Amino acid sequence: MNPLSPVAAVGRSTLALLAAIGRVTLYTGATLSHLVRPPFYFREFLNQLMVIGYFSLPVVGLTTLFTGGALALQIYAGGARFNVEAVVPQIVAIGIVRELGPVLTGLMVAGRVSSAIAAEIGTMKVTEQIDALVTLSTNPMKYLTVPRVVAATIALPLLAAVGNVIGILGGYLVSVLRLDFNGATYIRNTVEFLEPSDIISGLVKAAVFGFIVALMGCFHGMASGRGAQGVGRATTNAVVSASILILASNFILTGVFFTE
Amino acid sequence: MIELRDVHKAFGSNKVLQGVDLKIDKGTSMVIIGGSGTGKSVTLKCVLGLVTPDSGQVLLEGQDVASNRSNAERDAFLARFGMLFQGGALFDSLTVWQNVAFRLLRGSLKKPKEEARAIAVEKLRRVGLKPETADMFPAELSGGMQKRVGLARAIAAEPEIIFFDEPTTGLDPIMAGVINELIREIVVEMGATAMTITHDMSSVRAIADNVAMLHGGVIHWTGPVSEMDDASDPYLRQFINGSAEGPIEAVR
């Protein structure tokens, strides 16, 4: 074995990573430039808003409901160590609205939507439907990518807003039914404690996550290899890359919003 | 008229086209034959601009197709073409009539919905499908019917030039015969220029005015279909007869 081959392997992975970053950047640029130039496919956009937004509601609702409930239990148990059990409503509210609502919504939609987008576009590529679009004078970036990216960017904040409410409801239910909190006091504490900036920062995050989810689905779908295996790999790559980018951008955005 | 001049295209180290020269006169039907993986599809995609040649020129009525840079020019250029894809390439999310009328529902050829639907139903009738199929989805149709829908979509906007990518692949011999006949009829009645790629010799005899054989990245033989059977070229003879023995390697 060549003594330098481990070094070569590191070099190869580094180059592959840089090339991937370059391709994603170019694809993002192309998406944004098509976003502002006609024609626009409004009907496609409405379809995608339905598929990405409306049909994700059950998943997002269930996820945030259980998480809100678990959060209330944890904070109650943790708070008991300092005799501050009463802070449950405030901490649940801030935890859900600033962080867990948008992030969990983003991750669940990444699993549900970016995989579906990658599989659909990948299959379209493998069965020459993308080529067919081009021969029918329709730009696939405009017809497939732009409506999905715009729809997801708009749908995710709305989903996260619903998720926030349901997450707080989860905390409320657990606190009132299991932990003997007074319902009216719980709600008043939540409402009085939350600042508009808490809510807005969470929704801005969600919009960024939506952009990432749809972009990764489209990018990996368009880059799909041949056959069932190629589409399968594209689907996996879409979900994994969308999830990682969501968590990374969440960290960066939180730093931007909340460091003084 | 379509003309390819010394077209080269390589994918990585795989040199698929190594100087293709080909002329297709207006209103004639050219069939390109050749084994699997000899670059027939790539040649076709070069003409459409789906694949950019590494070198050489593709001319449509004397104008280089690569010169259509702006969106409007591309749109106008592509509006002259119709293409039937190998697997049909129908959009699964749209109904049959929306597939056929795709070009008529958006872009520069946009028509009112009712009119587009009427044209779609008429084209479906032309390819032998009943109006009831218009509201079905492609997945509900048999392979032969999907081919017909693909054909209806290719001719929906009355193109001057129609491409057929392996029109009979995956069909039984009777259905293949029917599709061949349909293609011939439609091309003749529309006065369109046709370019077909196939390795089905029955298609060649049914569709072609002229035949070109692609082998080793170049056009190995070209001439009228009537001269094909008398040609002495050993490559062409082997291909027509489908024999394992001959200059073309059986394992590729």
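How each quantity is defined
Residues numbered from 1 in each chain as written. Chains lettered and ligands numbered in written order. Predicted model: local features only at pLDDT ≥ 70, side-chain atom pairs only at ≥ 80, totals over all residues. Heavy atoms only, no water. Helix = DSSP H or I, 4+ residues; strand = E, 2+ residues; numbered from the N terminus. Rg over C-alpha atoms; globule rule 2.2 N^0.38 Å. Buried < 20%, exposed > 50% of the residue type's maximum accessible area, 1.4 Å probe, protein only. Contact = heavy atoms within 4.5 Å. Areas by Shrake-Rupley, 256 points an atom, 1.4 Å probe, with all protein chains shown as cover. Lys, Arg positive; Asp, Glu negative; His and termini not counted. Charge placed at Lys NZ, Arg CZ, Asp CG, Glu CD. Pairing = 2+ DSSP bridges. Axes fitted to C-alpha atoms, helices over the stretch in contact; angles between N-to-C directions. 1 Å grid on protein atoms, 1.4 Å probe; cavity = no way out; pocket = protein on both sides within 12 Å on 5 of 7 lines; lining within 4 Å. Points joined across faces, edges and corners; volume = space filled by probe spheres on them. Parallel < 35°, antiparallel > 145°, perpendicular 65-115°, else oblique. Left-handed = near helix turned anticlockwise from the far one by under 90°. Buried area = accessible area lost by both parts, 1.4 Å probe. Salt bridge = Lys/Arg side-chain N within 4 Å of Asp/Glu carboxyl O. Phe/Tyr/Trp six-rings, centres within 6.5 Å; stacked < 30°, edge-to-face > 60°. pLDDT = per-residue confidence, 0-100. Patch = residues over 30% accessible without salt bridge, like charges linked within 9 Å, V, L, I, M, F, W, Y side chains within 5 Å.

J.: Can you explain the overall build of chain B? Please cite residues and give values.
T.: Check the secondary structure of chain B and you find 9 helices and 10 strands. A globule of 252 residues ought to have a C-alpha radius of gyration of about 18 Å, and chain B, at 18 Å, matches this closely. Once the C-alpha set of chain B is aligned to its principal axes, its extents read approximately 55 × 45 × 35 Å. Buried residues in chain B amount to 51% of all 252 residues. Summarising the internal contacts of chain B: among those between residues at least 6 apart in sequence, 65% fall at separations of at least 24. Only carbon and sulfur atoms are counted for the fraction: they give 51% of the accessible area of chain B, which is about 11100 Å². Side chains of chain B carry 27 positive and 32 negative charges; the gap between the two charge centres is 5 Å.

J.: Help me get a handle on the sheet that holds strand E2 (residues 14-24) of chain B, residues and values and all.
T.: All names here are of chain B. Pairing is antiparallel across the open sheet formed by 4 strands, whose spatial order is E2-E1-E4-E5. Of all the strands in the sheet, just E2 and strand E5 (63-64) have a single pairing partner and so form its edges. Sheet analysis places strand E1 (residues 2-11) next to E2, joined by 8 bridges and oriented antiparallel. Bridged to Phe-11 within E2 is Asn-14. Contacts from helix H1 (residues 40-48) reach E1, E2 and strand E4 (55-60), with the element oriented near 120° to E1.

J.: Please set out empty space enclosed by the protein residue by residue, giving values where relevant.
T.: Within the structure shown, the criterion is met by 1 cavity of 30 Å³ or more. Here the largest cavity is characterised by a volume of approximately 50 Å³. The wall of the largest cavity is formed by A:Thr135, A:Leu136, B:Phe81, B:Gly82, B:Met83, B:Arg103, B:Arg153, B:Ala154, B:Ala157 and B:Pro159. Elements represented by at least two residues in the lining of the largest cavity include exactly strand E6 (81-84) and helix H5 (143-155) of chain B. Here the lining of the largest cavity gets 3 residues from one element, more than from any other, and that element is E6(B).

J.: Before we move on, could you go through the packing of helix H3 (residues 57-80) of chain A against helix H6 (residues 140-177) of chain A and cite the residues and values that matter?
T.: Residues and elements named next belong to chain A. Put simply, H3 and H6 touch, their axes get as near as 7 Å, and they point 40° apart. Comparing the axis directions of H3 and H6 gives the class oblique. As H3 packs across H6, the resulting crossing turns out to be right-handed. Here Leu-57, Val-60, Gly-61, Thr-64, Leu-65, Gly-68, Gly-69, Ala-72 and Leu-73 of H3 lie close against H6, whose contacting residues are Leu-159, Val-162, Gly-163, Ile-166, Gly-167, Leu-169, Gly-170, Gly-171, Leu-173, Val-174 and Ser-175.

J.: Please set out H1(B) residue by residue, giving values where relevant.
T.: In terms of burial, H1(B) is largely enclosed, as 8 of its 9 residues are buried. Just past H1(B), the residue B:Gly49 takes up positive phi, approximately 80°.

J.: Give a description of the interface of chain B and chain A that names residues and reports values.
T.: At the junction of the two partners, chain B supplies 21 residues and chain A supplies 15 residues. Carbon and sulfur atoms make up 57% of the surface buried where chain B meets chain A, a total of about 1600 Å² over both sides. Of all residues in chain B, B:Phe85, B:Phe91 and B:Phe102 give up the largest surface area on contact with chain A, accounting jointly for 27% of the area buried on that side. Across the contact surface, chain B and chain A share 2 salt bridges.

J.: Tell me about the packing of aromatic side chains, and please be specific about residues and values.
T.: Residues and elements named next belong to chain A. For the coordinates displayed, the defined rule picks out 12 aromatic pairs over all chains. A ring pair is formed by Phe-42 and Phe-45, whose centres lie 5.7 Å apart and whose planes are at 35°; its orientation type is tilted. Within this pair, Phe-42 and its partner Phe-45 are both found in helix H2 (residues 42-53), separated by 3 residues, close to a single helical turn. Where Tyr-172 meets Tyr-186, the ring centres are 5.6 Å apart and the plane angle is 80°; that geometry is what we call edge-to-face. Of this pair, Tyr-172 sits in helix H6 while Tyr-186 is found in helix H7 (residues 183-193), placing the two residues 14 residues apart along the sequence.

J.: Now, about the confidence of the model for chain B: what can you tell me, with residues and values included?
T.: Of the residues in chain B, 98% have a pLDDT of 70 or more, and the chain-wide mean is 88. Ranking the helices and strands of chain B by mean pLDDT puts helix H3 (residues 96-100) of chain B first, with 94, and helix H2 (residues 71-78) of chain B last, with 81.

J.: So, the sheet that holds E6(B): which residues are in play, and what are the values?
T.: Residues and elements named next belong to chain B. Strands sit in the order E6-E7-E8-E3-E9-E10 across an open sheet of 6 strands; the sheet is mixed. Among the strands making up the open sheet, the edge pair consists of E6 and strand E10 (218-224). If you compare each strand with its neighbour and ignore which way they point, the axes differ by 15° on average. Pairing analysis gives 6 bridges linking strand E9 (residues 210-215) to E10, with the strands arranged antiparallel. Bridging from a neighbouring strand, His-215 pairs with Val-218 of E10. Along the sheet, H5 contacts E6 and strand E7 (161-165); its crossing angle with E6, the most-contacted strand, is approximately 175°.

J.: Please set out a nonpolar patch on the surface residue by residue, giving values where relevant.
T.: On the surface, a nonpolar cluster with roughly 520 Å² of combined accessible area is contributed by A:Met50, A:Val51, A:Tyr54, A:Phe55, A:Leu57 and A:Val162. The residue A:Tyr54 is located in the loop between H2 and H3 in this model.

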